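The primary structure of each chain is shown beneath.
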Amino acid sequence: MESSNQLIAGIGLAGTARKSRWPARLDFIQSGTGLVLALFMWGHMFFVSTILISNDAMWTITKFFEGYFFFGKSYPIMVSFVVATVITLLVVHAFLAVRKFPINYRQFTTFHGHMKMMRHEDTTLWFWQALTGFALFFVAAPHVYIMLTHPELIGPFESGDRVWTGHYWPLYILLLLAVELHGGIGLYRLAVKWDWFAGPDPAATRKRLKTLKWALTVFFLALGFATLAAYVKIGIAHAPDYGKPYVPAALQAAPQGVNK
Amino acid sequence: MKIIYTDVLVIGGGLAGLRVAIGAKRRGHDVVILSLVPPKRSHSAAAQGGMQASLANVIKGQGDTEDIHFEDTVRGSDWGADQKVVRMFVNTAPKAVRELAAWGLPWSRVRRGDRTVIINGQKVTITERDEAHGLVAQRDFGGTKKWRTCYVSDGTGHAMLQTVSDQAIGAQIPVHERTEAIALIHDAGRCYGAIVRNLITGELVAYVAKATCVASGGAGRIYRVTTNAVICEGIGSALALETGIARLGNMEAIQFHPTGIFPAGILVTEGCRGDGGLLKDVDGHRFMPDYEPEKKELASRDVVSRRMEEHIAKGKGAKSRFGDHIWLDITLLGEQHIRHNLREVFEICHYFMGVDPTKDWIPVRPAQHYTMGGVRTNHTGESPDLKGLFAAGEAACWDMHGFNRLGGNSVAETVVAGMIVGEFIADYCDRLDNEVDIPTSLVHDFLKREQGKLDTLVDGRGTEDASAIKAEMQDLMTAKVGIFRRGEDLQAAVDELQRLLVRSRNIGLREKARGANPELVTAYRVQKMLKVALCVAYGALVRTESRGAHFRQDFPRRNDAEWLKRTLASWKGEETLPSLAWEALDVGTMELPPGWRGYGAKDYVDHPDTPGRAADVDAVKAKMADASRFDVQEALMPYDELLPEPLRGRNERIDEPMDKTCESGK
Amino acid sequence: MSDANSKIIPIAKAGNGGDGGSAAHRQLKISVLRYNPQEPSQPPRMQTYPLEEADGMTLFIALNEIREKQDPSLQFDFVCRAGICGSCAMVINGRPTLACRTLTKSLGAEFTLAPLPFFELIGDLSVNTGKWMRGMSERLGGWLHMKEPNPDLRRAEQKMDPDLADKIYELDRCVECGCCVAACGTARMRKDFVGAVGLNRVARFRLDPRDARTDDDYYEVIGDDDGVFGCMSLLACHDVCPKDLPLATQIAFVRRKMVSLGWS
Ligand SMILES: Cc1cc2nc3c(=O)[nH]c(=O)nc-3n(C[C@H](O)[C@H](O)[C@H](O)COP(=O)(O)OP(=O)(O)OC[C@H]3O[C@@H](n4cnc5c(N)ncnc54)[C@H](O)[C@@H]3O)c2cc1C
Ligand code: HEM
Ligand code: SF4
Ligand code: SF4
Ligand code: FES
C-alpha cells in the first residue's frame with residue numbers, strides 16, 4: 001500500500017484521485033498560530049508593561065514566570081521553554097504565511113500597483129500585514145534568540161540595560177511597530193476570514209471590528225512606547241551599573257525598614 | 001479559408017438558443033452556439049416580471065388550466081396567433097417550469113397561510129393552501145384571468161438565463177462568444193449554416209451545419225426609444241430576410257410598454273401602476289381617469305401607452321431637453337413599500353437618474369418593447385420556405401403572439417420553443433437525407449461575397465456616416481411608426497427609410513481597422529437593420545386595420561374580413577422595399593373563433609367564416625357538456641400529435657392529481 | 001389620497017429636469033486608458049476626451065457620444081445599459097464598477113476610465129470576462145448536478161422551502177461582471193485563483209438540496225490555494241460587488257466547511 005502510494009506520487013499522479021487535505025489543515029494552522037501568537041503578544045505586552053507600575057511589579061511578574069513563587073527558586077529555563085514554544089509557533093506561522101507573499105518582483109509590483117489604484121483599506125492593510133510580517137523575520141529573530149539563550153537576563157535592570165546600553169531600543173521600536181500592526185490587522189482579518197462575529201448585519205459588524213482593531217492597535221502602541229520609554233529611562237540611569245541584576249527592595253535586607 | 005463543421009448551428013445564446021442547443025445535444029448531435037456577447041448577457045436577463053405557466057399553485061391561480069392560458073393568449077394576440085402553436089405552447093409551459101425547477105432555478109415558492117397583497121390598488125388578505133406550500137408560486141400580470149406568472153423574486157429572466165446557460169456548460173456545448181453571423185449559407189432552398197465574423201479579430205469563418213437555428217432575439221433597436229438592450233438589433237431576422245427565400249412574419253406587430261424611463265427607455269415594471277402609482281402630466285394632473293374612467297392607470301399596456309402619447313400630443317407632456325414625457329408618481333405608495341416591494345424600481349431610479357422615487361416623480365414615456373414578428377416558421381420551428389433554417393424565441397414568428405403578446409408569455413416562449421424546436425431539429429438531423437452535401441466552393445463563394453462587402457465598407461470611397469444613418473432611422477421609427485400610426489406618417493417613413501437604405505450603401509468609415517472596429521459593425525448592421533425597419537413600416541402601412549399593438553388611427557377597427565392574415569415579407573436582391581405576401585388564418589379550424597378581446601374597443605369587422613365556426617364550436621361544447629375538458633379540446637382542435645413525443649401528456653396540478661389526469665391522458 | 005397630491009408639482013423633479021436644459025452644464029474631461037492588443041505598435045496611453053455633460057448622463061450615454069462624435073475606434077461593452085447584464089464593468093477612478101449605472105454627476109469633472117485588469121484585454125475598455133467565467137464554471141462544475149437527471153415533467157415539481165429558494169436566489173444574483181475578481185489582490189497575483197465569483201457559485205450549489213454533490217466533491221475543486229484557501233480575506237470583492245452579494249460571509253462559510261474536511 002505504502003509503496004504503491006509512493007510510486008503513484010513518484011509518477012506525479014498523487015493529486016489525481018482525491019485532493020490532498022493538507023491545504024485545509026494548513027489554512028487552519030496558519031490562522032491558529034496567528035491567533036495564539038497575537039493573543040500571546042497582548043499578554044506579553046501587559047507583562048512587560050508592568051514596568052510602568054514599578055520595578056518590583058515587573059520583577060515579580062518575571063519571577064512568577066520563572067517559577068520562583070512555586071518553587072522558591074528561579075528556573076529561567078521555564079522561560080526558555082515558553083520562548084521555544086513561541087519560536088515554534090512563529091516558525092510554523094511564518095512558514096505558512098510566507099506562501100501568501102508575492103513570490104517574485106512581478107507579483108509584488110502587480111499587488112502594489114493594484115493597491116495604489118484601488119485605494120481600498122482592507123487591501124492596503126494586507127500589504128502592511130505582509131510587509132510587517134516580512135520585517136518580523138528579521139526583527140523578531142534577535143529578540144527571541146536572546147530570550148531563548150539568556151532567559152535569566154529579564155528584569156527591570158537587565159532589560160533596561162539591554163534596551164539602552166545593549167542598543168536594543170532601535171530594534172524594539174521596529175519590533176513593536178511591526179508586531180502591533182501585524183497582530184492587530186491579523187486579528188481583524190481572522191474575524192472576517194472566519195466570519196466570527198457576523199451577526200445579522202455583517203456590514204455593521206465589520207465596521208465595528210475595524211474600529212476596534214484600530215483602537216487596539218493605538219492602545220498597544222501607546223502602551224508599548226510608554227513601556228519602552230520606561231526601560232530606556234531605567235537603562236540610562238542604570239548604565240553606570242550595567243550588568244547588575246535587579247534585586248527588589250523586599251529582598252534587600254538593609255533598606256527594608258527604611259521604606260516602611 | 002476556415003470552415004467549422006457541426007450538426008447544429010444556433011445563432012443566439014439567449015434563453016431560446018441555449019434551450020434549443022441543449023435539446024439537440026441531448027439527442028446526440030454536435031451543437032455550436034454563436035453569440036454577440038457572453039450568453040448570460042443576452043437580453044433575456046432583463047425580464048423581471050416572470051414566466052407564464054398554468055400551474056395553479058397559488059390560491060389566486062386556483063382553477064387555472066391550459067385552456068384559460070390558451071384563451072388569454074389568443075385573445076391577447078387579437079386572434080393573430082396560430083392557435084395550434086398556442087396549444088402546443090400552453091401545454092408545454094408547465095413542463096418547462098418544472099424542468100427549470102429540476103435544473104436548479106430558484107423559483108419563488110408558495111408560503112402557506114395569510115399574506116397581504118395589493119390588487120388594483122387595494123390591500124387584500126389572501127390565504128395560501130397548506131398543500132401548495134413549497135410549490136412554485138405565481139403572481140398577477142397584465143392580461144391574464146388567473147395568477148399565472150411564475151417568477152424568481154425580482155430577477156426571473158436573469159435567474160432563468162443563469163440556469164439554462166449553466167446547464168449548457170454542463171452539457172459541454174461550445175459557445176463561440178463575441179461572434180456575429182452576418183449571412184446565411186444557402187443553396188437550392190436549403191440552409192447550410194452561416195458566415196460568421198469574429199468581433200475581436202474581424203476574421204470571417206464559415207460554419208457549415210445540417211440545421212441552422214436563428215435565436216437572435218428582438219429588433220427593438222430599430223427604434224430610438226426602446227426597453228431593449230443595445231444588441232437587440234434584429235440582425236438574425238435580417239439574415240433570414242437577406243436570403244431572399246425565407247420570410248419574416250408580422251413585422252409590423254410591435255409592442256410598446258407604457259413606462260420606459262425617459263429618455264433612456266429602461267423599463268420600470270408594471271407593478272408600479274398595479275400597486276397604485278399614478279400617471280401625471282405637465283400640470284401634475286392625473287389624466288388617465290379622463291380617458292379611461294373605469295380602469296384608469298390599470299388599463300392594458302397598449303391602451304395606457306396610447307393614452308399617454310395622446311396626452312403628450314395635446315401638449316400636456318412635461319418638457320425636457322430630450323423631449324416631452326409623462327410623470328409616474330409612486331410617492332404615495334410610501335417608502336417602506338417602494339424600498340421593499342419595488343426594490344428594482346428604486347434602484348433604477350437611484351442609479352440611473354439620481355432620483356429618489358419615494359420623494360420625486362419618475363419621468364416616463366412609452367417605449368418599444370417587444371417584436372412579435374420574426375422569421376416565419378411552421379409549428380416545428382422550421383422555415384416553410386428555406387429548408388434547414390429554424391428559428392425560436394423573440395426572433396421567430398412561430399406565431400403564438402399574433403399582434404400582441406402577453407406579459408410573461410415571451411420568456412415562456414423561449415424555453416418552450418427551445419424544448420420543442422430542439423427536438424424537431426434533432427429529428428431533422430437524424431434523417432440521413434439531411435446530411436450536408438454542398439461543395440466547399442459554394443461555401444467559399446459566400447465567404448468571398450461577405451468579405452467583399454466588408455472590404456467595400458472599409459476601403460470604399462463612401463461618404464455617409466453610419467451612426468448618423470442609424471440615428472435617423474431610429475428617430476424616424478419612433479416618431480412615425482410608433483404607437484399611433486397614420487397612413488401619411490407611415491408613407492413618409494417608408495419613403496425616408498428607403499432613402500436611408502440607399503444612402504447606407506454609400507457608407508464610408510473614419511476608422512479603417514479590420515479587427516475590432518465598432519464603426520464597421522455599426523455600418524454593416526445598419527444596412528441590415530434598415531431592411532428590418534422597412535418590413536415593419538411597410539407592413540404597417542399596408543395593413544389598413546388595427547389589431548393588437550398595431551394601431552392605425554385612420555383605420556381604428558379590427559377587420560377580420562380583410563386582415564385575418566399574417567404578413568409575410570421577403571427581400572429580393574438590391575430592392576429597397578420588401579415584397580409582401582399574406583397567409584390567411586383558417587377560421588374553420590380555430591378552437592377559439594374571433595370575437596371581442598374582453599378589453600379595448602368592442603368594435604371589429606367579422607370574418608365571413610366566423611359565425612359558422614362559432615356555431616360549430618358551441619355545438620361541440622353543448623354536445624360534450626359532460627365530457628372532460630381534454631376531450632372537448634381534442635374534439636375542437638386536436639394538436640397532440642404535433643408535439644414531439646417526449647413532450648406530450650397532461651400536467652399535474654393540486655386540483656388535477658397525476659393519477660387521474662396524466663395517466664388517463666396517455 | 002390622490003387628489004390633494006395630484007396638485008402638487010415637486011420642485012426638485014427628476015435629474016432630467018424640466019428646465020429645458022437651460023442650466024449651465026459642466027465641461028467633462030474623460031481620460032480613457034487606450035490600448036489595442038491587435039495593434040501592439042501603439043503602446044498603452046491615456047487619451048482625454050472633452051464632453052459637455054447633460055442631465056442624467058450616465059457613462060453609457062457619455063461613451064457612446066464620444067464614440068459617435070469624436071472617436072469611432074473607441075472600444076467598450078454595453079448590452080442592457082440597465083445594470084442587469086454585467087457587461088460594462090470597468091475601472092472608474094481606480095475602482096471596478098458598472099459603467100452603465102454610473103452617473104457622471106456622481107464623479108468629478110475630470111475622471112479616468114480603464115479596462116478591468118486581470119481579464120484578457122480585447123481593446124480599450126473591453127475585456128473578455130465571458131471567456132474567463134466560462135472557464136471558471138467548467139472548472140468548478142458551475143451547474144446544478146441533478147440528483148434525478150430525467151424527472152417526469154408531467155408531475156408536480158419538488159417542493160422547496162420558500163425561504164431557501166430566496167436564499168439561493170440571493171446568491172444567484174451574480175451577473176458575472178468580474179468586478180470582484182478585478183478588485184481582488186489575490187487574483188491579481190495568482191492567475192489561477194477562482195475568485196469570489198467562483199466561491200460564491202460553490203456556496204450557491206452547496207445550498208441547493210437538488211444538487212447531488214457533497215462537500216467532498218466541492219473540496220475537490222476548491223480545496224487548495226487556487227480555491228478557497230487562496231483567499232486572503234481582503235474583502236475588496238465584497239466592497240465592489242455591484243449586486244451587493246454577501247461575498248464575505250459566503251466565502252467564510254465555504255472556508256469553514258472546507259477546513260472542517262481537513263480533519264475528517
Ligand atoms: C426590459 C424587458 C423586460 C422583459 N420582461 C419580460 C417578462 O417579464 N416576461 C416575459 O415573458 N418577457 C419579458 N421580456 C421579453 C423577453 O425577455 C424576451 O423576449 C426574451 O428573453 C427573448 O429571448 P431570446 O432568447 O429570443 O433572445 P435574447 O435573449 O435577446 O438573445 C439573443 C441572442 O442572440 C445573439 N445574437 C443576436 N444576433 C446575433 C448574430 N447576428 N450572430 C450571433 N449571435 C447573435 C445575442 O448575442 C443573444 O445571445 C422582457 C423584455 C425586455 C426588453
Ligand atoms: C516571522 C514572523 C511573521 C511572519 C513572516 C508573518 C507573516 C504573516 C502573513 C504574510 C500573514 C498573512 C497571511 C494571509 O493573509 O493569509 C500573517 C497573518 C497573521 N499573522 Fe503573522 N507573521 C509573523 C509573525 C506574527 C506574529 C508575531 C504574530 C502575532 C502578533 C502574528 C499574527 C498573525 C495573525 C493573527 C495573522 C492572521 C492569520 C490568518 O490570516 O490566517 N504573526 N502573518
Ligand atoms: S460576485 Fe458580484 S462582483 Fe463578482 S461577478 Fe458576481 S456580481 Fe460581479
Ligand atoms: S476576500 Fe479578498 S482575496 Fe478573497 S476573493 Fe475577495 S478580494 Fe479576493
Ligand atoms: S450594460 Fe448591462 S450592466 Fe451595464
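Parameters and conventions
Residues numbered from 1 in each chain as written. Chains lettered and ligands numbered in written order. Predicted model: local features only at pLDDT ≥ 70, side-chain atom pairs only at ≥ 80, totals over all residues. Heavy atoms only, no water. Helix = DSSP H or I, 4+ residues; strand = E, 2+ residues; numbered from the N terminus. Rg over C-alpha atoms; globule rule 2.2 N^0.38 Å. Buried < 20%, exposed > 50% of the residue type's maximum accessible area, 1.4 Å probe, protein only. Contact = heavy atoms within 4.5 Å. Areas by Shrake-Rupley, 256 points an atom, 1.4 Å probe, with all protein chains shown as cover. Buried area = accessible area lost by both parts, 1.4 Å probe. Salt bridge = Lys/Arg side-chain N within 4 Å of Asp/Glu carboxyl O. Nonpolar A, V, L, I, M, F, W, Y, C, P; charged D, E, K, R; others polar. Pairing = 2+ DSSP bridges. Near = heavy atom within 4 Å. pLDDT = per-residue confidence, 0-100. Core = buried A, V, L, I, M, F, W, Y, C linked by side-chain atoms within 4.5 Å. Phe/Tyr/Trp six-rings, centres within 6.5 Å; stacked < 30°, edge-to-face > 60°. Lys NZ or Arg CZ within 6 Å of the ring centre and 35° of its normal. Polar contact = N/O pair within 3.5 Å; in protein donor to acceptor, adjacent residues only side chain to side chain. Axes fitted to C-alpha atoms, helices over the stretch in contact; angles between N-to-C directions.

### Brief notes about the overall build of chain B
Part 1 of the reasoning: In terms of helices and strands, chain B carries 19 helices and 24 strands.
Part 2 of the reasoning: Radius of gyration (C-alpha) of chain B: 24 Å, near the 26 Å computed for a compact globule of 666 residues.
Part 3 of the reasoning: In terms of overall dimensions, chain B has C-alpha extents of about 65 × 60 × 50 Å along its principal axes.
Part 4 of the reasoning: Per-residue burial over chain B gives 66% buried out of 666 residues.
Part 5 of the reasoning: Considering only contacts within chain B whose residues lie at least 6 apart along the sequence, 72% involve residues at least 24 apart.
Part 6 of the reasoning: Surface exposure of chain B reaches about 21,400 Å², of which carbon and sulfur atoms provide 49%.

### What about the interface of chain A and chain C?
Part 1 of the reasoning: Listed by partner, the interface residues are 35 residues for chain A and 41 residues for chain C.
Part 2 of the reasoning: Carbon and sulfur atoms make up 54% of the area that chain A and chain C hide from each other, which totals about 3,400 Å².
Part 3 of the reasoning: Summed over the shared surface of chain A and chain C, the number is five salt bridges.
Part 4 of the reasoning: Those elements that provide at least two residues to the side of chain A that touches chain C are helix 2 (22-48), helix 6 (105-118), helix 7 (121-149), helix 9 (169-193) and helix 10 (202-238) of chain A.
Part 5 of the reasoning: The dominant element in the side of chain A that touches chain C, judged by the number of residues it contributes, is helix 2 of chain A, at seven residues.
Part 6 of the reasoning: Its residues assigned to classes, the side of chain A that touches chain C shows 16 nonpolar, six polar and 13 charged.

### A look at the pairing of strand 4 (residues 95-98) of chain C
A regular strand places its side chains so that they alternate between the two faces of the sheet.
Residue and element names in this part refer to chain C.
Part 1 of the reasoning: Burial along strand 4 is one-sided: Pro-96 and Leu-98 are buried, while Arg-95 and Thr-97, pointing the other way, are not.
Part 2 of the reasoning: Relative to strand 4, strand 3 (residues 89-92) is paired through four bridges, and the arrangement is antiparallel. When the sheet's bridge partners are listed, Ile-92 is paired in strand 4 with Arg-95.
Part 3 of the reasoning: Adjacent in sequence and paired antiparallel, strand 3 and strand 4 are bridged by two residues, among which Asn-93 carries a positive phi angle near 50°.

### What to know about the site of ligand 4
Part 1 of the reasoning: Taken together, the residues surrounding ligand 4 are C:Cys184, C:Thr186, C:Phe193, C:Ala196, C:Cys231, C:Met232, C:Ser233, C:Leu234, C:Leu235, C:Ala236 and C:Cys237.
Part 2 of the reasoning: Of the residues contributing to the shell around ligand 4, the split by class is nine nonpolar, two polar and no charged.

### A word on the confidence of the model for chain A
Part 1 of the reasoning: Mean pLDDT over chain A: 88, with 91% of residues reaching 70 or higher.
Part 2 of the reasoning: In the model, residues 254-260 of chain A has pLDDT below 50 throughout and makes two contacts with residues more than four positions away in sequence or in other chains.

### Let's talk about the nonpolar core
Part 1 of the reasoning: Core analysis: the largest hydrophobic core is formed by 192 residues, its most contacted members being B:Met51, B:Trp107, B:Ile425 and C:Leu113.
Part 2 of the reasoning: Not counting the four nearest positions on each side in its chain, C:Leu113 is found in contact with C:Ile30, C:Ser31, C:Val32, C:Leu33, C:Leu59, C:Leu63, C:Met90, C:Val91, C:Ile92 and C:Leu125.

### Here's the deal with the interface of chain B and chain C
Part 1 of the reasoning: Counting residues at the interface gives 101 residues for chain B, matched by 91 residues for chain C.
Part 2 of the reasoning: For the pair chain B and chain C, the two sides together bury roughly 7,400 Å², of which 54% comes from carbon and sulfur.
Part 3 of the reasoning: When residues of chain B are sorted by the area they lose upon contact with chain C, B:Arg41, B:Arg321 and B:Phe352 head the list and together hold 11% of the total.
Part 4 of the reasoning: Inspection of the region where chain B meets chain C yields five salt bridges.
Part 5 of the reasoning: Across the pair C:Glu157 and B:Arg98 runs a salt bridge, and its minimum N-O distance is 2.9 Å.

### Quick notes on the packing of aromatic side chains
Part 1 of the reasoning: Applying the stated criterion across every chain, the model contains 37 aromatic pairs over all chains.
Part 2 of the reasoning: The interplanar angle of 75° and the centroid separation of 6.3 Å between the aromatic rings of A:Trp196 and A:Phe197 together place this pair among those described as edge-to-face.
Part 3 of the reasoning: On the basis of relative accessibility, which here comes to 52%, the residue A:Phe197 falls in the exposed class.
Part 4 of the reasoning: For A:Arg21, the ring lying beneath its charged end belongs to C:Tyr219, and the centroid distance is 4.4 Å.
Part 5 of the reasoning: Here the basic side chain of B:Arg87 rests over the ring of B:Phe70, its NZ or CZ set 4.4 Å away from the ring centre.

### Looking at the site of ligand 1
Residues and elements named next belong to chain B.
Part 1 of the reasoning: Near ligand 1 there are 38 residues, and of these Ser-42, Ser-44, Glu-394, Ser-410 and Val-411 occur at the shortest range.
Part 2 of the reasoning: One of the backbone nitrogen or oxygen atoms of Gly-13 is found 2.9 Å away from an oxygen atom of ligand 1.
Part 3 of the reasoning: Gly-14 is positioned such that a nitrogen or oxygen atom in its backbone is 3.3 Å from an oxygen atom of ligand 1.
Part 4 of the reasoning: Out of a free accessible area of 1,000 Å², ligand 1 has 97% covered by protein chains.
Part 5 of the reasoning: Looking at the shell around ligand 1, the elements that each hand over two or more residues are helix 1 (15-26), strand 2 (31-35), strand 9 (179-187), strand 17 (362-371) and helix 11 (409-430).
Part 6 of the reasoning: The residue inventory of the shell around ligand 1, partitioned by class, reads 14 nonpolar, 21 polar and three charged.

### Considerations on the sheet that holds strand 23 (residues 579-584) of chain B
Residues and elements named next belong to chain B.
Part 1 of the reasoning: Taken in spatial order, the five strands make up an open sheet running 20-18-12-22-23, and their pairing is mixed. Pairing within the sheet leaves two strands with one partner each, and these edge strands are strand 20 (396-397) and strand 23.
Part 2 of the reasoning: Relative to strand 18 (residues 374-376), strand 12 (residues 248-249) is paired through two bridges, and the arrangement is antiparallel. Bridge assignment links Leu-248 to a residue of strand 18, and that residue is Val-375.
Part 3 of the reasoning: Contacting strand 12, strand 22 (565-570) and strand 23, helix 15 (residues 518-542) crosses the sheet at an angle of about 60° to strand 23.

### Here's the deal with the sheet that holds strand 7 (residues 149-150) of chain B
Residue and element names in this part refer to chain B.
Part 1 of the reasoning: Sheet architecture is open: three strands sit in the order 3-7-6, paired in antiparallel fashion. Whereas interior strands pair on both sides, the edge strands pair on one side only; in this sheet they are strand 3 (51-52) and strand 6 (138-139).
Part 2 of the reasoning: Sheet topology note: the strand 3/strand 7 ladder contains two bridges and is antiparallel. Looking across to strand 7, one finds that Gln-52 is bridged to Thr-149.

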